[in-house]
Amino acid sequence: MNGSLPAHSGMTAGTRDNWLAAAMVLPAILYIALLLGVPIILAVYYSLSDITTGGIAAKFVGLANFEALFSRPDFLRAVGNTLLITTTTLAGVLVLATIQAELLLRDFRGKWIVRFLILLPWTAPASLSVIAWLWMLDSTFSPLDWLLRAMGLMGKQGDLFGPFPNAYWLGRSGLALASIVLVNIWRMLPLGTVIILAGLNGVPRDIAEQAQIDGAGYFRRLFQIVFPILYPVFGVTILFTFVFTFSDIVTVYILTRGGPANSTQVLTTLAFFTGVQGGALGQGAAAALFLLPVLAAVSVIILAAIRRREI
């Protein structure tokens, strides 16, 4: 007998690899579970109780917090504003990011400078960039107002922005919503551009060149060849833009704080003002939990569509 072990004794190489893979992934799983799981569990507990920031006792109230929310006009308006801001931001980012990515795919002088400027909004901290926009949209010293007056679009009766000396971007409900969408597009555009540009770089050139040889024009190649190949990439862009915009609190909180008269209130700011500043943690948690099923449903739908398209 030799001293070697039987072929079937102990773990096989495949089993060892599986255990090693599980051990490597386990810290990340635990981190995500603690980072997301604990807050979600606490939010569910708070939403079913009458807990407040001023007390330590909490009594179980069932779905009373959710019923109270749905009876509040500002909550229904916050839901509508959240969906409106998210969808308009998503549409703007998708169109502009596709145009920018298509232009950046071409060779021209100073291309690296243009790429740097496009990525700059994404590299800057969100709060600082929104504060910069807050100054640009100031009701008295806005440079945008000066530009509109210089172009003859504001200051006289019948002008596009009315006879007012200033547009009051954040003081009028319609312009305030438009300003929030503008800032969100400016913030999310670099990410969408990078994702779509990566997808365009992966499109097989021989297919597009063959279509060009066959006589297909630019727009026909773009809509019938390039875009169908990029559907999964568009899905990823839509997913990231939707999640980041739908759950964002920075833009609305810094620019308008939900005003004027709750006309720009969104779910995240409503949850903060109700639960933290207002002291009603139960209702605030209920408002925050309303985000979870919407985000989960949209994420599942988009990921399923991407997977089905790839298959």
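Everything in this summary refers to the structure shown in the same document. (Residues numbered from 1 in each chain as written. Predicted model: local features only at pLDDT ≥ 70, side-chain atom pairs only at ≥ 80, totals over all residues. Heavy atoms only, no water.)

Below, the discussion takes up the nonpolar core. Residues W169, I196, V226, L230 and L255 are the most contacted members of the largest nonpolar core, which totals 37 residues. Of all elements in the fold, only α3 (73–104), α5 (126–136), α7 (173–201), α9 (218–229), α10 (231–246) and α11 (250–255) reach the threshold of two or more residues within this core. Per-element tally for this core: the top contributor is α7, with 13 residues. Sequence-distant contacts of L230, defined by excluding residues within four places in its chain, comprise G199, L200 and V203. Core analysis: the second largest hydrophobic core is formed by 13 residues, F75, V79, A271 and A286 among them. (Core = buried A, V, L, I, M, F, W, Y, C linked by side-chain atoms within 4.5 Å. Buried < 20%, exposed > 50% of the residue type's maximum accessible area, 1.4 Å probe, protein only. Helix = DSSP H or I, 4+ residues; strand = E, 2+ residues; numbered from the N terminus. Contact = heavy atoms within 4.5 Å.)

Here we come to α5. What sets the pattern is the α-helix's 3.6 residues per turn: residues three or four places apart point alike. Residues S129, V130 and W133 constitute the buried set of α5. Projected onto a plane normal to the axis of α5, the buried residues spread over an arc of 95° and lie on a single side. The outward face of α5, more than 90 degrees from its buried face, is lined by the exposed residues L128 and W135. If you follow the buried residues of α5, they end up packed against α7 and α11. (Arc of directions from axis to C-beta.)

With that settled, consider the packing of aromatic side chains. By convention here, two paired aromatic rings are described through the distance between centres and the angle between planes. Under the definition given, this model contains 12 aromatic pairs. Ring centres 5.5 Å apart and planes at 85° place the aromatic pair Y253 and F272 in the edge-to-face group. With a gap of 19 residues between them, Y253 in helix α11 and F272 in helix α12 (residues 267–277) connect regions that are remote in the sequence. By relative accessible area, Y253 is classed as partly exposed at 22%. Residue F272 is classed as partly exposed on the basis of its relative accessible area of 25%. Ring geometry for F272 and F273: centres 5.7 Å apart, planes at 65°, overall edge-to-face. Residue placement shows R257 over the ring face of Y253; its charged tip is 4.2 Å from the ring centre. (Phe/Tyr/Trp six-rings, centres within 6.5 Å; stacked < 30°, edge-to-face > 60°. Lys NZ or Arg CZ within 6 Å of the ring centre and 35° of its normal.)

Attention shifts here to the packing of α9 against α10. In contact at an axis separation of 4 Å, α9 and α10 are set at 60° when each is read in the N-to-C sense. With respect to α10, the element α9 is oriented oblique. Contacts between α9 and α10 pair F227, P228 and I229 from the former with Y231, P232 and F234 from the latter. (Axes fitted to C-alpha atoms, helices over the stretch in contact; angles between N-to-C directions. Parallel < 35°, antiparallel > 145°, perpendicular 65-115°, else oblique.)

Mapped onto the elements, T245 comes out in helix α10. Accessibility expressed as a relative area gives 7% for T245, which makes it buried. Excluding its chain neighbours within four sequence positions, the residues that come into contact with T245 are I85, T86, T89, N184 and M188.

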